[in-house]
Amino acid sequence: MSGHDRGSPYAPHTPAETEAMLDALDVDSEADLFDIPDAVAFDGDFGIEARDERSIRREVRRRLDRNDDLVEFLGRDHYDHYVPSLVDHLADRQEFLTSYTQYQPEIAQGFLQALFEYQSMLVELTGLGVANCSVYDAATALGEAATLAARVRDADGQRVLVPEHMRAEKRSVLENYTAGVDLSVETYPMADGAVDTEALAEAVDEETLLVYAESPTVRGVIEEHLGDIGALAEDHDALFCLGSDPVALAMLERPADVGADVVVGDAATLGLGTAYGMGIGLFVTREEYLRQVPGRLVGAGEDDSGRRAYTLTLQTREQHIRRERATSNICTNQAWVALRTAMHAAMLGPDGLVELAEDSIRRARDAADRLDDISGVRAPVHDRHQFREFVAHTDQPAGAVVDDLAAAGYAVHRVGEHLIQVCVTETNADELDGLVAAVEEVAQ
Amino acid sequence: MNYSQARWSEDDRYEPLLSEKGNREVAVDEDGLLPDDLTRDTVELPALEEPELARHYTRLSQMNYGVESGPFPLGSCTMKYNPKFTEDLAALPSAAVHPDRDEGTVQGLLGVMHGLQDYLARIGGMDAVTLQPPAGAAGEFAGVLVAKAYHEHNGDQRSEIVIPDSAHGTNFASAAMAGFDVVELPSAEDGRVDLDALESAVSEETAALMLTNPNTLGLFERDIEAIAEIVHDAGGLLYYDGANLNALLGQARPGDMGFDIMHYNVHKTFATPHGGGGPGAGPVGVVSELAPFLPAPRVRKTEGETVERFDPEHTIGKVHGFEGNWLVLLKTYAYIARLGDDGLADASAKAVLNANYLAEQIDYEVPFGPFHHEFVASAGEQDAADVAKRMLDYGVHPPTTKWPEIVDEALMTEPTEVETTRSLDQLAEAFNAVAGEDDETLESAPSETAARRIDQVAAARSPRLSWQALDEE
Ligand SMILES: Cc1ncc(COP(=O)(O)O)c(C=O)c1O
């Protein structure tokens, strides 16, 4: 290290250099460069002790080791798929990891191309024409979809209809995002885990701006009547927003074919794995709404040598130009996660991705069958096709079952008095025998 | 500095797209796991093997410029060196836990979150902190919603947010998203808040003033006490945009200046990498009176020294579907612990020293001062955007251009503390070389980057946003 032992290890100045720079500025000390009135200057300290790398690594490792080592069978909008090593190694190259928004596209072609490829993959998966290069997460993507609906829909209308089964947290974000445009978020009922299309038909009216549905749902149910939902929305001149994820989209009906106007969800289902809820909002919509899309878009153009090159485009939608009339306030987004998603999808290829989707059906089905064989357990509770996860009924109170399973080393969700939810992917499938045995123990 | 970025090209394009290297269309669900009408027929995506992909992404990375490539004085973005060891922490398997885990089983993670809430509160002089917002703008949105909820709780309907004309676009957009009308405050001659203008802008409709300090010109709002008094007397709150906190660490705290709400741009001030545009994190700190309105959940210590989640009494609810960008927050914690009091103060001292030293070395005029961690030079007769393009040829990332608009042909420059005297001198040489060049040279730049000058106007006129769109041509 350089000749200083105090101060920031990432400020490389030697004392001699600092002196020389101060001399060049004709001041005695750095303090002379600050123009802060005494009354508001800070002369205390934070009481934060500087530590070396090794001791911080030890502390954080020790702390995180206090997390119980449970095998997670958890999903409900945050999934753990195996991320190939290539993703870490290549996404961590500093040219990607430490760069930023491509304000100078000529020197940032690599990232722009990767984002263009990400957008293209989502266009293929959804059948819709325009994917942006990320918003924060699935919940904020849904919020953005609702405000987009408020901008593009001609008729007056305040109602955003959302399904009975969805994460309360996601709904709360939606309510906050729509606060500025005064929308009212209302629930429509589900029947046996899927959209009750008759009830939805009752609920939709001319005041409806947006109908939201998920497939798979938060309970892993594959919706069977997406086309009907899309038609209902269209009949009332409302937008249809579909929540999904890139794995499910590789197999289920194409959103474009069921009348979806916007697709939202967590794209980090590929690329990130379990990260305590960190993800990336995928946002895809029809070309006709292009000028109302939130966030950054990468487009292809040409450079002075006549070659195809990439650049951020249609920036007049964005906050740095349009300010309070921007389509969204988003600036910093989740671009690096989008890079990882694209890398992971590319590593799987079409065969691998489709296989992963098919396995997500097999695994949920097989695990449900096995739990269903246990007396005191009924699975899945919904008579539906399931994707990755499913809800099971337990004769014992679900709270006790979940606690007992945790004591045995397994984490599952509690979703009702007697309902648990179990999610199986390739990362925990090997532990399924253990989970089944534990459920046998605790659920009788 | 001589520089030439790697350039992989083939005919009339650079590195071919993944799709051009080999797409394959495959049939879906041939085993009939689902009824036909519930599945799509085919999927067509790139089908390449790992060695090809490794080469693809390596080449793309070579056509991209990061903080380790060279100086990155992109004003307002605080492009610091991102320490390596924090990446190792984020990669720990024990950091990879699901957000729905019972709090009793994730005490380690919650302990880190609690520790970070505490660090940030101390650094900002705030009483309570939420870590949930996933970026600075999301922090603004959360903070403005907190202000709204607070006023409404007091039976006070306030419809306006006051924002100086020099503020970042997100301030305006966040206020509007929360349903407020924006009142734009013209800057005074000296580039700071005009107290008279502020007096006439505030009223019983004022919910808050959003202020960046030092502002986007790098100037400290010396009248901050008077500003706070004017806003508070009108019943409004004072919001601190923390994008420029790297100027003030250990020197001044927003809480001591009278700010009621602030966000921290941890991907700027605390050096977490925000590859290609993000992720970041935008924690929000507030004074105790506003703590009950913060997003849910927060974490706190119990008497038994365990950490629990809790919902603040009058919470605004959620601004992220889970609890924010956890991996970014973990890196933030480690960075702050690495620097400690002295390191944080030194970071700001050196950031301010570097900005002043660099400004002294360059030929462009800097109309406003004294500035702190960044300065806004004027390209004068030259076009700032052209200056930026030409600077690329000297192996440096250029400043932010044409903003703030108070400065003609603005070159907003923030070298950060990580540059040495030597690299600052090289950066100054790049500025000065460009300052002496004619328009023709500038307009034909860059030539040393992977791509030559890109026609962004044409790209926007006929948007092609996917390889499918290219194929349609
Ligand atoms: C002054 C200022 N305020 C707010 C923001 C918004 O922060 P973020 O990009 O993290 O959303 C930025 C930066 O991008 C900024 O420079």
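Residues numbered from 1 in each chain as written. Chains lettered and ligands numbered in written order. Predicted model: local features only at pLDDT ≥ 70, side-chain atom pairs only at ≥ 80, totals over all residues. Heavy atoms only, no water.

A. Highlighting the overall build of chain B. Helix and strand counts for chain B stand at 15 helices and 16 strands. Whereas a compact globule of 473 residues would reach a radius of gyration of roughly 23 Å, chain B reaches 25 Å, a difference of no more than 12%. For chain B, the spread of C-alpha atoms along the principal axes amounts to about 70 × 65 × 40 Å. Counting across all 473 residues of chain B, residues that qualify as buried make up 68%. For chain B, contacts bridging at least 24 residues in sequence account for 68% of all contacts bridging at least 6. Total accessible area on chain B is roughly 14900 Å²; 41% of this is exposed by carbon and sulfur atoms. Looking at charge distribution, chain B has the averaged site of its 33 positive side-chain charges lying 7 Å from that of its 82 negative ones. (Helix = DSSP H or I, 4+ residues; strand = E, 2+ residues; numbered from the N terminus. Rg over C-alpha atoms; globule rule 2.2 N^0.38 Å. Buried < 20%, exposed > 50% of the residue type's maximum accessible area, 1.4 Å probe, protein only. Contact = heavy atoms within 4.5 Å. Areas by Shrake-Rupley, 256 points an atom, 1.4 Å probe, with all protein chains shown as cover. Lys, Arg positive; Asp, Glu negative; His and termini not counted. Charge placed at Lys NZ, Arg CZ, Asp CG, Glu CD.)

B. Examining the pairing of strand β12 (residues 308-312) of chain A more closely. Residues and elements named next belong to chain A. With 5 of 5 residues buried, β12 is to be regarded as a mostly interior element. Going residue by residue along β12, you find Arg308, Tyr310 and Leu312 tucked away on one face and Ala309 and Thr311 tucked away on the opposite face as well. Note: strand β11 (residues 298-302) against β12, 5 bridges, orientation antiparallel. The residue bridging Val298 from the neighbouring strand is Leu312, located in β12. Linkage of β11 to β12, two consecutive antiparallel strands, is achieved through a turn of 5 residues, within which Gly306 is found at a positive phi near 85°. (Pairing = 2+ DSSP bridges.)

C. Representation of the domain arrangement of chain A in the model. Under the domain assignment used here, chain A contains domain 1 (1-57), domain 2 (71-82 + 350-442) and domain 3 (85-343). Distance between the C-alpha centres of domain 1 of chain A and domain 2 of chain A: 54 Å. (Domains from an automatic or database assignment.)

D. The arrangement of the site of the ligand in detail. In the neighbourhood of the ligand, 15 residues make up the surrounding shell, with A:Thr332, B:Ser76, B:Ala137, B:Asp241 and B:Lys268 lying closest. Per-site note: the chains with residues close to the ligand are chains A and B. Contact distances for the ligand include 2.5 Å between a nitrogen atom and a side-chain N or O atom of B:Asp241. Here an oxygen atom of the ligand and a side-chain polar atom of B:Lys268 are 3.0 Å apart. Ranked by the residues each element gives to the shell around the ligand, the list is headed by helix α5 (residues 136-153) of chain B, at 3 residues. In terms of residue class, the shell around the ligand is built from 5 nonpolar, 7 polar and 3 charged. (Near = heavy atom within 4 Å. Polar contact = N/O pair within 3.5 Å; in protein donor to acceptor, adjacent residues only side chain to side chain. Nonpolar A, V, L, I, M, F, W, Y, C, P; charged D, E, K, R; others polar.)

E. Summary view of a positive patch on the surface. Among the surface-exposed residues, A:Arg54, A:Arg58, A:Arg61 and A:Arg62 lie close enough to one another that they form a single positively charged patch. One can find A:Arg62 in helix α2 (residues 53-64). (Patch = residues over 30% accessible without salt bridge, like charges linked within 9 Å, V, L, I, M, F, W, Y side chains within 5 Å. Salt bridge = Lys/Arg side-chain N within 4 Å of Asp/Glu carboxyl O.)

F. Geometry of the interface of chain B and chain A. Taken together, the 195 residues of chain B in the interface contact 165 residues of chain A. Between chain B and chain A, the buried area comes to about 15700 Å², and carbon and sulfur atoms account for 62% of it. Interface area lost by chain B to chain A is led by B:Arg40, B:Arg338 and B:Leu465, which between them contribute 5%. Between the two partners, chain B and chain A, sit 12 salt bridges. Between A:Glu30 and B:Lys350 there is a salt bridge; the shortest N-O distance is 3.0 Å. The tally of links between chain B and chain A comes to 89 residue pairs in polar contact (both at pLDDT 80 or more). Its residues assigned to classes, the side of chain B that touches chain A comprises 100 nonpolar, 51 polar and 44 charged. (Buried area = accessible area lost by both parts, 1.4 Å probe.)

G. Structural view of the packing of aromatic side chains. According to the stated counting rule, one finds 17 aromatic pairs over all chains in the structure shown. On the numbers, 6.0 Å between centres and 20° between planes, the contact of A:Tyr10 with B:Tyr335 is stacked. One end of the pair, A:Tyr10, is in the segment before α1 (15-25); the other, B:Tyr335, is in helix α10 (residues 326-361), on a second chain. Seen from their ring centres, A:Tyr276 and B:Trp326 are 6.1 Å apart, and the 70° between their planes marks the pair as edge-to-face. Residue A:Tyr276 is located in the loop between β9 (262-266) and β10 (281-285), and its partner B:Trp326 is located in helix α10; the two belong to separate chains. (Phe/Tyr/Trp six-rings, centres within 6.5 Å; stacked < 30°, edge-to-face > 60°.)

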